[in-house]
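Close look at the chain arrangement
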Amino acid sequence: MPEPERPDAYDPVGPGPNEAVSPTGQGGAMDLALEEGESLEKSLAPGPGGAGPSDKPRSLWSDAWHQLRRNPVFVISSLLILFLVVIAIWPQLIASGDPLSCDLSKSQEGSSPGHPFGYDTQGCDVYTRTVYGARASITVGVCATLGAALLGSALGGLAGFFGGWWDALLSRVADIFFGIPVILGGLVFLSVVTSTTVWPVVGFIVLLGWPQLARIARGSVITAKQNDYVQAARALGAGNGRMLLRHVAPNAVAPVIVVATIALGTYIALEATLSFLGVGLRPPTVSWGIDISNAASQIRNAPHMLLWPAGALSLTVLAFIMLGDAVRDALDPKLR
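First things first, this report covers the structure right here in the doc. (Residues numbered from 1 in each chain as written. Predicted model: local features only at pLDDT ≥ 70, side-chain atom pairs only at ≥ 80, totals over all residues. Heavy atoms only, no water.)

Some thoughts on the packing of helix α8 (residues 228-235) against helix α9 (residues 240-252)
What counts here: Axis lines are fitted through C-alpha atoms, for helices just across the contact stretch, and the angle between N-to-C directions can take any value from 0 to 180 degrees. In this description a helix means any DSSP run of H or I spanning at least four residues, a strand means any run of E spanning at least two, and both kinds are numbered starting from the N terminus. Throughout this description, any angle smaller than 35 degrees is read as roughly parallel, any larger than 145 degrees as roughly antiparallel, any in the 65 to 115 degree range as roughly perpendicular, and the remainder as oblique. Left-handed describes a crossing in which the near helix is turned anticlockwise from the far one by less than a right angle; the clockwise case is right-handed. Whether two residues are in contact is decided by their heavy atoms, any of which lying within 4.5 Å being enough.
Interaxial distance between α8 and α9 falls to 10 Å at its minimum, and their mutual angle equals 170°. On the basis of the axis angle, α8 is roughly antiparallel to α9. Taken as a pair, α8 and α9 cross one another with a handedness that is right-handed. Of the residues in α9, those touching α8 at Tyr-229, Val-230, Ala-233 and Arg-234 are Asn-240, Met-243, His-247, Val-248 and Asn-251.

Structure follows, in structure tokens:
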């Protein structure tokens, strides 16, 4: 006579293809394994878009942008810089007058309706000249920063990647440029230039600004090329060009961006200093440095002539330095 089938007997074969595994209810190893499997399945479940895991890791740049959006310093400085760039491109949006239109009968007069900043020594509207002065200063700062960053990154990156005699030659040339005083070099170099455009000043700043960025790029490339993924690419037969452009440069550019952002504000201040000394931008170019130079001798009689262009210059430099500090904190994991 056959024995009756026991429902609680253990089946070593396991469930069939159409059977589901259910917990035993006794808290054994099988129940624990089932709970862990369910937790793992939930953690690897697709996100709302169904494109991958719900907690997808972020890259350096996406993580930096995620942090920057929540940094009030970055938001305030970015909005201020955006406003300055807009009025530098279209100053007529907030200033309808002509910065070169002057009336000597109103020389050094204070504020009046339609002219909130008063007039300078030549009878020109200080408000209009302050608004139009942003164009020259920001143009010099942006162009000089781009030129110094591109030249310094290219030379420093090649020196750090290849090393050898090229690295030694670049280091000695950079040391020579580091030994040139900026103000003295500007007085000598720009005093022989007769152009009234911004390009001689941009060229001089690039000439003395690239060594700093070259050293930053060189050190960053030397650090990046020692990583395992670069060595793996080399072992797989990748050429120098591919390794430099695809693997080293994207991971070495962050320090250059940080230093260049901070240097942009410094270059704007340098342009104003050279214009104040009479060797930078020259009339009829409208510049904050030129207006500050003209107002320096009249600070007792008409302080408003100096207050507004100097305040605009200080605010612009401060905005770029704050932006650089925020970018540095976001791109440096050690500062988080």
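Brief notes about the packing of aromatic side chains
Here is the rule we go by: Think of it this way: a Phe, Tyr or Trp ring, Trp meaning its six-membered ring, pairs with another when their centres are within 6.5 Å, and the plane angle makes it stacked under 30 degrees, edge-to-face over 60, tilted otherwise. Residue exposure (1.4 Å probe, protein chains only): buried if accessible area is under 20% of the type maximum, exposed if over 50%, otherwise partly exposed.
If you walk through the whole model with that rule in mind, you get seven aromatic pairs. Geometrically, the ring pair formed by Phe-177 and Trp-210 is edge-to-face, given 5.6 Å between the ring centres and 65° between the ring planes. With a gap of 33 residues between them, Phe-177 in helix α5 (residues 164-178) and Trp-210 in helix α7 (residues 199-224) connect regions that are remote in the sequence. Taking the relative accessible area as the measure of exposure, Trp-210 reaches 6% and is therefore buried.

Quick look at the environment of Gln-108
Inspection of the secondary structure assignment puts Gln-108 in the loop between α3 (72-89) and α4 (126-162). Residue Gln-108 is classed as partly exposed on the basis of its relative accessible area of 25%. Once residues lying within four places of it in the same chain are set aside, the contact partners of Gln-108 are Tyr-119, Asp-120, Thr-121, Gln-298, Asn-301, Ala-302, His-304 and Met-305.

Digging into the pattern of salt bridges
To be explicit about the condition: Any Lys or Arg side-chain nitrogen found within 4 Å of a carboxyl oxygen on Asp or Glu counts as a salt bridge.
Under the definition given, this model contains six salt bridges. Salt-bridge contacts for Asp-291 lead to Arg-129; the nearest nitrogen and oxygen are separated by 2.9 Å. Of this pair, Asp-291 sits in helix α11 (residues 288-296) while Arg-129 sits in helix α4; the two residues are 162 residues apart in sequence, bridging distant segments of the chain. Accessibility classification places Asp-291 together with Arg-129 in one group, the buried group. With a closest N to O distance of 3.5 Å, Asp-329 and Arg-328 form a salt bridge. Its relative accessible area of 26% is what places Asp-329 among the partly exposed residues. One network of salt bridges, in which partners are shared, links Arg-172, Asp-175 and Arg-215.

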